[in-house]
Each structure stands twice: as C-alpha cells, then as structure tokens.
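# Understanding the architecture of this molecule
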Amino acid sequence: ANFLKVLVKSARNLKDADGALGGGTDAFIRMRILDAGGNTVAGPKETSVKNECGADPEFNEEFLFKDLEAPGSYTLKVTVLDKDSLLGIGALDVLAADDKLGSATLDLGTLSNTEDMVDKELI
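Now for a look at the structure at hand. (Residues numbered from 1 in each chain as written. Predicted model: local features only at pLDDT ≥ 70, side-chain atom pairs only at ≥ 80, totals over all residues. Heavy atoms only, no water.)

## Considerations on the environment of S103
Our working rule: By definition, any uninterrupted DSSP run of H or I lasting at least four residues is a helix, any uninterrupted run of E lasting at least two residues is a strand, and each is numbered from the N terminus.
Positionally, S103 belongs in strand β6 (residues 99-107). C-alpha separation for the pair S103 and V80, spaced 23 residues apart in sequence, amounts to 6.0 Å.

In structure tokens, the structure reads:
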C-alpha cells in the first residue's frame, strides 16, 4: 500500500493574528491530502498546539498518511493556524474560530518514490 510520511519541523516568520491584547500566537499545523478535484482523501491531521510560541515555532512531529490509492495525483495541503480561545477560557474555545496564518501545497507527483526522508520547504 502507498503511504506518505510527513515530518513537520517548524514554521518561520508567523504573524501575530491575535493583536496586541490577544496574547501570543498559539500555532498548530493542519494537513490533509487532496485529490485532483480538491476533495480530502486523507486527514486532517494536526500537530500539537505551541502556546505563545512567537514567530518561529518548532514542532518536530511525524505523521503517517496510509492507504493512498494514487498518491502521484494527490496534493498535500498544509495550513498554519493560531488556536484561539475566547478570553483565555478553554471551555469557550468552540466559539472562537482559529485564525489562519498561512497555507501551502505540495504536489505529491513531484516526490520520488523513496523510503528516505526528503526535505521540502513550503512557502
């Protein structure tokens, strides 16, 4: 079976979406694999939230997307988000939308079929 292993290393130069009064950025990354029509075929998978992480959070978390039928025709979509809490009250998190800090895509057809990790920088 085809699979994709992703090691999320870090993010760089994140903006502070919460503003001056909102506390620091609580960054996390959400990944999903899309088919040619933009439909999600695997995921979403999320990193842990890095609270008050500043502009350059480190993640170093590994994820495995298994049983991919046609990975060469798929795209990995990576979105960096700021976990929002309402007034810092965890129970109200469901009422607060997470702020999108940025996103990038990687055409999986551009990767070699290898068991070795390949470094890719997404901008």
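Structure's up, so let's keep going.
## Overview of the packing of aromatic side chains
Note the following rule: Stacked, edge-to-face and tilted labels apply to pairs of Phe, Tyr and Trp rings (six-membered ring for Trp) whose centres lie within 6.5 Å, assigned for plane angles under 30 degrees, over 60, and everything in between, in that order. Criterion for a charge above a ring: Arg CZ or Lys NZ at most 6 Å from the ring centre, at most 35 degrees from the ring normal.
Taken as a whole, this structure holds 0 aromatic pairs when the rule is applied. Positioned above the aromatic ring of F65, the side-chain terminus of K45 is 5.5 Å from the ring centre.

## Focus on the side chain of T79
For the record, the criterion: Whether a residue is buried, partly exposed or exposed follows from its accessible area with a 1.4 Å probe, protein chains only, as a fraction of its type maximum: under 20%, in between, or over 50%, in that order. By definition in these notes, contact holds between two residues if any of their heavy atoms fall within 4.5 Å.
Inspection of the secondary structure assignment puts T79 in strand β5 (residues 75-82). Judged by its relative accessible area of 12%, T79 falls in the buried class. Setting aside chain neighbours within four positions, we find T79 in contact with F28, I29, R30, K100, G102 and S103.

## Some remarks on the nonpolar core
The condition is simple: As used here, the term nonpolar core means buried Ala, Val, Leu, Ile, Met, Phe, Trp, Tyr and Cys residues forming a set that is joined through side-chain atoms within 4.5 Å.
Core analysis: the biggest nonpolar cluster contains 21 residues, and M31, I33, F65 and L76 have the highest contact counts within it. Of all the secondary-structure elements, those providing two or more residues to this core are β1 (2-10), β2 (27-34), β4 (58-68), β5 and β6. Ignoring any residue separated from it by four or fewer positions in sequence, one finds M31 in contact with V6, V8, G43, P44, K45, F63, F65, L76, K77 and V78.

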